[in-house]
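Overview (structure and organization)
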Amino acid sequence: MAKVSFRNVWKKYGDLPAVKDLNIECPDGSFLSILGPSGCGKSSTMRMVAGLEHITAGQILFDERPINNLAPKDRDVAMVFENYALYPHKSVFENMANPLKLRGQDPDRIKERVTAAANLLEISELLQRRPQELSGGQKQRVAIGRAIVREPNLFLFDEPIAHLDAKLRAHMRGEIKHLQRTLGTTMIYVTHDQLEAMSMADQIAVMHEGELQQLGTPREVYNKPVNAWVAGFVGEPAMNFVDVGLQHKADKIHFTHPNFSIAVTEEQQRLLTAGTWPNALRMGIRPDAMSISMTRPKGDHITGKIFVTELLGGDMIVDVDLEDSRIRVKTSTEFEGLEGETCYMTVNRDKWHAFSKDTGSAVY
Ligand SMILES: Nc1ncnc2c1ncn2[C@@H]1O[C@H](COP(=O)(O)OP(=O)(O)OP(=O)(O)O)[C@@H](O)[C@H]1O
Ligand SMILES: [Mg+2]
């Protein structure tokens, strides 16, 4: 087991920086998810940890010990990739036993460890089959089994369940999280699926174009995104963004827009007036932080026109047109508004966000 630290880590391929000045502390025994879109540098980061890729600058440390110059086999990490890379002509047992065999461990001990891992992953009855006789989810479990029999210091999982079907993915999310908790082994888990990161990780490192945007618990990243990019990437359906003006009315600051004028809370007013006042603001609000009604409410509200309604499982998503943008609101399936009708949204002001329109950074 190991604490993993990234200190000012860079990866360049020629002149192209794929990872820029990465700083992360991943405590011993914890589950870190690296989350970001395709090409943001997730696999490059993992490959540097595994020793499959040279670290251009900076240091990666295990328990404060720099590992930059350590050979991959001496790092004691086990990796699982999306393509499980099982040996087609070996049985499940032989596939799982392989890393131990290579280390010259005695056959009785190998059998004991493979059996224990197979029990944990509920694949004991598959040990004599070959990979082509397995489903995608079963193959994935064998690949994970092969990683855990080694009892490594660190697990590196790179999109291990990305191409399984939705139901199996949901199941495997739970399994992998449980497995990590049971074994207590430090885990770095790469995904571009925010739901996976949100549901499994202790800490999420959100990356974009090679740069760490935010490191925080799933709750922090969801509730207090540091910029509009993170806010828009995390959460489904995505956060709505609307450009707003600011106006003082009777000592209160209002967000103004052709479709509304709503006073901010006292705390938000304090934050907006402290420090440098951004030139232009972008208001962010999640679809479930508003309520929608067909009758005009008494208090401050947004007026819009229904574009379309969609059923999404037990919820309804209403797309609403404003003058210059379209927002999405989550409501109950009992909602009866029709396309083209005027509707009214009341905002939960404790849950709306303000970003600088120029830089994207969160004002609050
Ligand atoms: N061996 C390489 N040589 C040159 N450029 C590379 C190499 N490997 C990756 N890159 C580039 O570095 C950037 C980061 O790639 P990386 O594989 O780390 O992204 P990723 O976040 O894992 O993406 P994905 O979600 O698609 O797997 C990309 O622009 C990619 O094209
Ligand atoms: Mg990748």
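Heads up: the structure comes first, above all this text.
Residues numbered from 1 in each chain as written. Chains lettered and ligands numbered in written order. Predicted model: local features only at pLDDT ≥ 70, side-chain atom pairs only at ≥ 80, totals over all residues.

Side note on the site of ligand 1
If you check the shell around ligand 1, you find Tyr13, Leu16, Ala18, Gly36, Ser38, Gly39, Cys40, Gly41, Lys42, Ser43, Ser44 and His192 and nothing else. Residue assignment for the shell around ligand 1 shows that the elements contributing at least two residues are β2 (16-26) and α1 (42-50). (Near = placed C-beta within 6 Å. Helix = DSSP H or I, 4+ residues; strand = E, 2+ residues; numbered from the N terminus.)

A word on the pairing of strand β13 (residues 260-263)
The two faces of β13 differ: Phe260 and Ile262 on one face are buried, but Ser261 and Ala263 on the other face are not. Judged from the 4 bridges that link them, strand β12 (residues 252-257) and β13 form a sheet pairing that is antiparallel. Within β13, the position partnered with His254 by the bridge is Ala263. (Buried ≥ 20, exposed ≤ 12 C-beta atoms within 10 Å, placed from the backbone. Pairing = 2+ DSSP bridges.)

Section: α1
Of all 9 residues in α1, 7 are buried, a share of seventy percent or more. Burial in α1 covers these residues: Lys42, Ser43, Ser44, Thr45, Met46, Met48 and Val49. Directly after α1, the chain includes Gly51, whose backbone phi takes a positive value near 90°.

Some points on the sheet that holds strand β18 (residues 326-332)
Either a parallel or an antiparallel arrangement is found when strands of a sheet pair, and the pairing is made through backbone hydrogen bonds. A sheet is described by the order of its strands in space; here 5 strands give the open sequence β15-β19-β16-β17-β18, paired in antiparallel fashion. Every interior strand has two partners, whereas the edge strands, β15 (290-293) and β18, have only one. Averaged over all adjacent pairs, the angle separating strand axes in this sheet is 45°, with direction ignored. Across 4 bridges, β15 lies against strand β19 (residues 342-347) in antiparallel orientation. When the bridges of β19 are listed, Ser293 appears paired with Tyr344. (Axes fitted to C-alpha atoms, helices over the stretch in contact; angles between N-to-C directions.)

Notes on the environment of Tyr222
Tracing the backbone through its elements, the reader meets Tyr222 in helix α7 (residues 218-223). Given 18 C-beta atoms within a 10 Å radius, Tyr222 is considered partly exposed. The spatial distance from the C-alpha of Tyr222 to the C-alpha of Met198 is 8.5 Å, given a sequence separation of 24 residues.

What to know about the sheet that holds strand β11 (residues 240-249)
In spatial order, the strands read β13-β12-β11-β14-β20; together these 5 strands make up an open sheet with antiparallel pairing. Because the sheet does not close on itself, it has two edges, and the strands there are β13 and β20 (353-356). Each neighbouring strand pair of the sheet contributes to a mean axis angle of 40°, computed without reference to strand direction.

Brief notes about the environment of Gln213
Topologically, Gln213 is positioned in strand β10 (residues 211-216). The exposure class assigned to Gln213 is buried, which follows from the 21 C-beta atoms found within 10 Å. Taking the C-alpha atoms as reference, Gln213 lies 7.9 Å from Asn227; in sequence the two are 14 residues apart. Not counting the four nearest positions on each side in its chain, Gln213 is found in contact with Val206, Met207, His208, Val226, Asn227, Trp229 and Val230. (Contact = placed C-beta atoms within 7 Å.)

Side note on the packing of helix α2 (residues 92-102) against helix α4 (residues 136-148)
As a packed pair, α2 and α4 sit with axes 7 Å apart at the nearest point and diverge in direction by 30°. The angle between the axes of α2 and α4 places the two elements in the roughly parallel class. Helix-helix and strand crossings are classified by hand; for α2 and α4 the assignment is right-handed. Here Val92, Asn95, Met96, Asn98 and Pro99 of α2 come into contact with α4, specifically with Val142, Gly145 and Arg146. Classifying every residue of the contact of α2 with α4 by side-chain character gives 4 nonpolar, 3 polar and 1 charged. (Parallel < 35°, antiparallel > 145°, perpendicular 65-115°, else oblique. Left-handed = near helix turned anticlockwise from the far one by under 90°. Nonpolar A, V, L, I, M, F, W, Y, C, P; charged D, E, K, R; others polar.)

Concerning the environment of Phe31
Relative to the helices and strands, Phe31 resides in strand β3 (residues 31-35). Spatially, the C-alpha atoms of Phe31 and Leu126 are 29 Å apart, while their sequence positions differ by 95 residues. Beyond its immediate stretch of four places on either side in the chain, Phe31 contacts Gln180, Met187, Tyr189, Met200, Ala201 and Asp202.

Considering unusual backbone geometry
With an omega of -5°, the peptide bond between Glu236 and Pro237 qualifies as cis. Checked against the element boundaries, Pro237 lands in the loop between α8 (228-233) and β11. The backbone of Asp251 shows a phi angle near 70°, a positive value even though the residue is not glycine.

Some remarks on α4
Between its first and last C-alpha, α4 extends 19 Å over 13 residues, near the 18 Å set by a 1.5 Å rise per residue. The buried fraction of α4 is high, at 10 of 13 residues. Within α4 the residues assigned to the buried category are Lys139, Gln140, Arg141, Val142, Ala143, Ile144, Gly145, Arg146, Ala147 and Ile148. Looking at the buried residues of α4, the elements they touch are β6 (77-80), α2, α3 (107-120), β7 (154-158) and α5 (166-183). (Expected span 1.5 Å × (residues − 1).)

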